[in-house]
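Remarks on the overall topology
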Amino acid sequence: KVFLNAGELPAPTTPVNGGVLSARDYSDSADSNGNGLVDPEDLIVRFSNGVDNDANGYTDDISGWDFYNDQNDPATLDSTYDHANGQMEQAAAETNNGLKGAGICPDCRLLPIKAGAEALDRTDDLAQAWMYAADLNADVVVSTTADLGYSTFMSEAVDYVWNQGTAMVESSNDFNS
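Residues numbered from 1 in each chain as written. Predicted model: local features only at pLDDT ≥ 70, side-chain atom pairs only at ≥ 80, totals over all residues. Heavy atoms only, no water.

Right, let's get into helix α3 (residues 123-135). For an α-helix, the turn length of 3.6 residues means that residues three or four places apart are oriented alike. Its 13 residues place the ends of α3 18 Å apart at the C-alpha level, agreeing with the 18 Å of an ideal helix rising 1.5 Å per residue. Asn137 occupies a position one or two residues after α3 and carries a positive phi of about 65°. (Helix = DSSP H or I, 4+ residues; strand = E, 2+ residues; numbered from the N terminus. Expected span 1.5 Å × (residues − 1).)

Dropping the structure here:
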């Protein structure tokens, strides 16, 4: 249930005709991350070709973007606090699948975007992340961050995102900062 950018991907290689592009549409991909299923991380490995096919300024943004490291894999490497996975599970965990509980919006799609090291973000990276989400037509931006300041650029980004019609939710500074 993670967003895939059709503009960066070829036509589905194993289409399931579910109406929404998903990793299942490319189930012939290798399990590159070894987690036992084909997921967007595997598609990033398979289909990254060094070309910005959708011409949005983010090369191979197949499933989100990492503004902290300026690259196309937004997966977090630091699982100490489990913010990213925990927030995504709370937001959109699938119902009736025999795993954990249901999310607040089990029919929603997630657009993973990384703006900092775990939840410690530079304000300009966070601003770019929010604008990127709005440009991809996200309905809601949910951000868990210990933002390191609040810049004029972040203020402008909030206005931009609001004017794009994207709702914003932020929990901030939960690291005793």
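At Asp70, a position not held by glycine, the phi torsion is positive, near 50°. Inspection of the secondary structure puts Asp70 in the loop between β1 (65-66) and α2 (83-92). The class for Asp70 is exposed, based on a relative accessible area of 58%. At Asn137, a residue that is not glycine, the phi angle is positive and equals roughly 65°. With respect to the helices and strands, the residue Asn137 is situated in the loop between α3 and β5 (140-145). (Buried < 20%, exposed > 50% of the residue type's maximum accessible area, 1.4 Å probe, protein only.)

Bringing the packing of aromatic side chains into the picture now. In total, this model carries five aromatic pairs according to the counting rule given. Both rings, one in Tyr58 and one in Tyr132, keep their centres 4.9 Å apart while their planes meet at 75°; by these two values the pair is edge-to-face. Pair noted here: Tyr58 is in the loop between α1 (40-47) and β1 and Tyr132 is in helix α3, with a separation of 74 residues, a long-range link. On the basis of relative accessibility, which here comes to 3%, the residue Tyr132 falls in the buried class. For the pair Phe67 and Tyr132, a centre-to-centre distance of 5.6 Å together with 70° between the ring planes defines the contact as edge-to-face. Pair noted here: Phe67 is in the loop between β1 and α2 and Tyr132 is in helix α3, with a separation of 65 residues, a long-range link. (Phe/Tyr/Trp six-rings, centres within 6.5 Å; stacked < 30°, edge-to-face > 60°.)

This part covers the pattern of salt bridges. The full count for this structure, using the stated rule, is two salt bridges. One salt bridge in this structure joins Asp28 and Arg46, with 2.8 Å as the shortest N-O distance. Taken as a pair, Asp28 in the segment before α1 and Arg46 in helix α1 lie far apart in primary sequence, 18 residues in all. Asp28 sits in the partly exposed class, given a relative accessible area of 44%. (Salt bridge = Lys/Arg side-chain N within 4 Å of Asp/Glu carboxyl O.)

Together, Val140, Val142 and Val169 make up a nonpolar patch on the protein surface, roughly 260 Å² of accessible area in all. Relative to the assigned elements, Val142 resides in strand β5. The exposed category is assigned to Val142, whose relative accessible area is 57%. (Patch = residues over 30% accessible without salt bridge, like charges linked within 9 Å, V, L, I, M, F, W, Y side chains within 5 Å. Areas by Shrake-Rupley, 256 points an atom, 1.4 Å probe, with all protein chains shown as cover.)

Our focus in this paragraph is the packing of α3 against helix α4 (residues 152-163). Interhelical geometry of α3 versus α4 gives an angle of 10° and a closest axis separation of 9 Å. In this view, α3 runs roughly parallel relative to α4, as classed from their interaxial angle. For α3 against α4, the interelement crossing comes out left-handed. Residues Thr123, Asp124, Leu126, Ala127, Gln128, Trp130, Met131, Ala134 and Asp135 of α3 touch α4, and the partners they reach there are Phe153, Met154, Ala157, Val158, Tyr160 and Val161. By residue class, the composition of the contact of α3 with α4 is eleven nonpolar, two polar and two charged. (Axes fitted to C-alpha atoms, helices over the stretch in contact; angles between N-to-C directions. Parallel < 35°, antiparallel > 145°, perpendicular 65-115°, else oblique. Left-handed = near helix turned anticlockwise from the far one by under 90°. Contact = heavy atoms within 4.5 Å. Nonpolar A, V, L, I, M, F, W, Y, C, P; charged D, E, K, R; others polar.)

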